[in-house]
Each structure stands twice: as structure tokens, then as C-alpha cells.
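Residue strings, one per chain:
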Amino acid sequence: MRFRFTAPDGNPAGIRVLHAMDADGRIVGNLDYQLCATCQVGFVSNIAVATHWQGRGVGRDALSLILDGADGYHWTTSRQSAQGRRFFAALADETGLEFVERGERCGHMTA
């Protein structure tokens, strides 16, 4: 599994995408998120993994990559499906972080 980051478009707290790719370079998952270093806020807007790759740790590994270096950040997410709520609850147990569903984003993210 390889991961490829795309940087935000002009706004340092803008939308970023982390693509998860298989050995053949095919995208098998995406994590759309925002980070604001000024306010120490992280926002996960979407995480999606191809059905045949689910349960293999792709989402967990992707989220771990964006959490690395974001110590002390407050994390929020968009509205979650039932599967998403289970995923974020499991990650909260593993990391000790809280992922607030439909939490507030800072003004830098919405600018």
C-alpha cells in the first residue's frame, strides 16, 4: 500500500486529499481532510475505501498518517454513517483522541 498526498489549493487550511493506492498504482481509498496549524484543528470531511479493501487497515493507516505530526489538535468530522461511527469510535479507542461528529471548523478552513 502506498499513499499520495495532494496539497491544499492556495489556502494553507484548505482541503487536502490522501490517496491510498495498491501495488499497481490504482486508487483504492481517499481521505479528504483539512488541517489548521494556527488553530490546531483537524477536520475529516470524507474517508472512503473500496469495498474489497475494507477491513484491511487502509482507512486506519491513512488516518494515522494525517494524525502524525498533529499532536494536540482538536478533531472533527463530517456527518458519519453507521459504519463511519464504528470506525471513528474504534480509532478513538486506539488513539485516545475524540473525533467530534459535525464539529465546528475554524474560520481559516472556511475562508
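What counts as what
- For every chain, the first residue of the written sequence is number 1, and numbering continues from 1 onward in sequence order.
- Note on the predicted model: pLDDT of at least 70 is required for a residue's local features to be given, and 80 or more for side-chain atom pairs to be given and counted; whole-chain, interface and lining totals, by contrast, use all residues.
- To obtain the side-chain values, all non-hydrogen atoms of the structure were used and water was disregarded.
- When a carboxyl oxygen of Asp or Glu lies within 4 Å of a side-chain nitrogen of Lys or Arg, that pair is called a salt bridge.
- Relative accessible area decides the class of each residue, using a 1.4 Å probe on protein chains only: under 20% of the type maximum gives buried, over 50% gives exposed, and in between gives partly exposed.
- Put simply, DSSP marks the helices as runs of H or I at least four residues long and the strands as runs of E at least two long, and each gets a number from the N terminus on.
- Strand pairing requires that DSSP identify at least two bridges connecting the strands.
- Only the contacting stretch of a helix is used when fitting its axis, a line to C-alpha atoms as for every element, and angles between N-to-C directions run 0 to 180 degrees.
- We call two residues in contact when some of their heavy atoms are within 4.5 Å.
- What qualifies as a polar contact is a pair of N or O atoms within 3.5 Å, subject to a donor-acceptor requirement within protein and to the restriction that residues adjacent in sequence count only when both atoms come from side chains.
- Under the pairing criterion, centres of Phe, Tyr and Trp rings, with the six-membered ring standing for Trp, must be within 6.5 Å; the plane angle then separates stacked pairs below 30 degrees from edge-to-face pairs above 60, leaving the rest tilted.
- For a lysine, the NZ atom is tested; for an arginine, the CZ atom; a charge sits over a ring if that atom is within 6 Å of the ring centre and within 35 degrees of the ring normal.
- Throughout, the arc means that of the directions going from the helix axis to the C-beta atoms.

Attention now moves to the pattern of salt bridges. If you walk through the whole model with that rule in mind, you get 3 salt bridges. With its nearest N and O atoms 3.1 Å apart, the salt bridge here joins arginine 26 to aspartate 24. In this structure aspartate 24 comes out as exposed when scored by relative accessible area, which is 59%. A salt bridge links arginine 60 to glutamate 94; the nearest nitrogen and oxygen atoms lie 2.9 Å apart. With a gap of 34 residues between them, arginine 60 in helix α1 (residues 58–67) and glutamate 94 in helix α2 (residues 82–95) connect regions that are remote in the sequence.

Within the open sheet, the 6 strands sit side by side as β1-β2-β3-β4-β5-β6. Their pairing is mixed. At either margin of the open sheet sits one strand with a lone partner, and together these are β1 (2–6) and β6 (99–101). On average, adjacent strands in this sheet sit at an angle of 25 degrees to one another, irrespective of strand direction. Judged from the 8 bridges that link them, strand β3 (residues 27–36) and strand β4 (residues 41–49) form a sheet pairing that is antiparallel. When the sheet's bridge partners are listed, leucine 35 is paired in β4 with glycine 42. Sheet contacts for α1: β1, β2 (16–21), β3, β4, β5 (74–77) and β6; angle to β1, the most-contacted strand, approximately 45 degrees.

Once that is clear, we can look at the side chain of asparagine 11. Along the polypeptide, asparagine 11 turns up in the loop between β1 and β2. Among the polar contacts listed, one links the side chain of asparagine 11 to the backbone nitrogen of alanine 13, at a separation of 2.9 Å. A distance of 2.9 Å separates the side chain of asparagine 11 from the backbone oxygen of histidine 108, its partner in a polar contact. Setting aside residues no more than four positions away along its own chain, asparagine 11 makes contact with His108, Met109 and Ala111.

Here we come to the packing of aromatic side chains. On inspection of all chains with the given rule, the structure shows 4 aromatic pairs. Within the aromatic cluster, the residues linked to one another by ring pairs are Tyr73, Trp75, Phe87, Phe88 and Phe99. Sitting over the ring of tryptophan 53, arginine 56 keeps its end group 4.6 Å from the ring centre. Its guanidinium or amino end placed over the ring of phenylalanine 43, arginine 105 lies 4.8 Å from that ring's centre, counting from NZ or CZ.

For the rest of this paragraph, the subject is α1. Burial in α1 covers these residues: Val58, Gly59, Ala62, Leu63, Ile66 and Leu67. Viewed end-on, α1 has its buried residues packed into an arc of 170 degrees, placing them on one side of the element. Once α1 ends, the next one or two residues include glycine 69, with phi positive near 90 degrees.

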